[in-house]
Amino acid sequence: MPAMMTNRHGDEIRIGQIWLDDTRRTVIRSLRVDDFTDAGTLGTTAVCTVVQARNTETGDVTRPGRVVSINVDSLHTTARGNGYRPENGSTCTDDTSR
């Protein structure tokens, strides 16, 4: 798989890039993109390592190292600011078609 993918929203997702969970979650994870895999009819997924998890209620921060797979089309921030977002807001287009 390539080192960079563009999802259906026009967001560029790169190996090594850090994405953050939706801010509405109690535990917000920082996810490092490690690879891309073909999930068949589900499309392409980003294989990510959870490099940090911060509990917004307690302030506790952990570094679990768990590996998760996320559909690349889900790595997108909606017009309302919900959803996954790249750390520091970098490399995403302003596509609000979702």
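Everything numeric in this text was worked out from a predicted model, so none of it was measured.

## With respect to the pattern of salt bridges
Thinking step 1. Under the definition given, this model contains six salt bridges.
Thinking step 2. Residue Arg8 is joined to Asp73 by a salt bridge in which the shortest nitrogen-to-oxygen separation is 3.8 Å. Of this pair, Arg8 sits in the loop between β1 (4–6) and β2 (12–14) while Asp73 sits in the loop between β7 (67–71) and β8 (85–86); the two residues are 65 residues apart in sequence, bridging distant segments of the chain.
Thinking step 3. Across the pair Asp22 and Arg24 runs a salt bridge, and its minimum N-O distance is 2.5 Å.
Thinking step 4. Because the salt bridges share partners, they merge into one network encompassing Asp21, Arg25 and Arg29.

## Some points on the environment of Phe36
Thinking step 1. Here Phe36 is to be found in strand β4 (residues 27–38).
Thinking step 2. A C-alpha to C-alpha distance of 9.7 Å links Phe36 and Ile13, two positions 23 residues apart in sequence.
Thinking step 3. With sequence-adjacent residues up to four places away left out, Phe36 is seen in contact with Met1, Pro2, Ala3, Met4, Met5, Ile13, Arg14, Ile15, Thr44, Thr45, Ala46 and Val72.

## So, the confidence of the model for the protein chain
Thinking step 1. Mean pLDDT over the protein chain: 88, with 90% of residues reaching 70 or higher.
Thinking step 2. Here residues 91–98 is a poorly scored stretch, pLDDT under 50, and it has 22 contacts once near neighbours within four places are set aside; other chains count.

## Digging into the pairing of β4
Thinking step 1. Pairing of strand β3 (residues 18–20) with β4 involves three bridges; the strand directions are antiparallel. From the neighbouring strand, Ile18 faces β4, where its bridge partner is Arg32.
Thinking step 2. Counted along the chain from β3 to the antiparallel partner β4, the turn is six residues long.
Thinking step 3. Of the strand pairs in this sheet, β4 and strand β5 (residues 44–55) are connected by 11 bridges, and their pairing is antiparallel. From the neighbouring strand, Ile28 faces β5, where its bridge partner is Arg54.
Thinking step 4. In this antiparallel pair of consecutive strands, β4 and β5, the connection spans five residues, and Gly40 shows a positive phi of 65 degrees.

## Considerations on the pairing of β5
Thinking step 1. Most of β5 is tucked away, with nine of its 12 residues classed as buried.
Thinking step 2. Pairing between β5 and β7: five bridges, direction antiparallel. Across the sheet, residue Thr45 finds its bridge partner in β7, namely Asn71.
Thinking step 3. With two bridges connecting them, β5 and strand β6 (residues 61–62) associate as antiparallel partners. Within β6, the position partnered with Arg54 by the bridge is Val61.

## Some details on the side chain of His9
Thinking step 1. By the element assignment, His9 lies in the loop between β1 and β2.
Thinking step 2. Here the side chain of His9 touches Asp73 through a polar contact of 3.2 Å, landing on its backbone oxygen.

Rules behind the numbers
Residues numbered from 1 in each chain as written. Predicted model: local features only at pLDDT ≥ 70, side-chain atom pairs only at ≥ 80, totals over all residues. Heavy atoms only, no water. Salt bridge = Lys/Arg side-chain N within 4 Å of Asp/Glu carboxyl O. Helix = DSSP H or I, 4+ residues; strand = E, 2+ residues; numbered from the N terminus. Contact = heavy atoms within 4.5 Å. pLDDT = per-residue confidence, 0-100. Pairing = 2+ DSSP bridges. Buried < 20%, exposed > 50% of the residue type's maximum accessible area, 1.4 Å probe, protein only. Polar contact = N/O pair within 3.5 Å; in protein donor to acceptor, adjacent residues only side chain to side chain.

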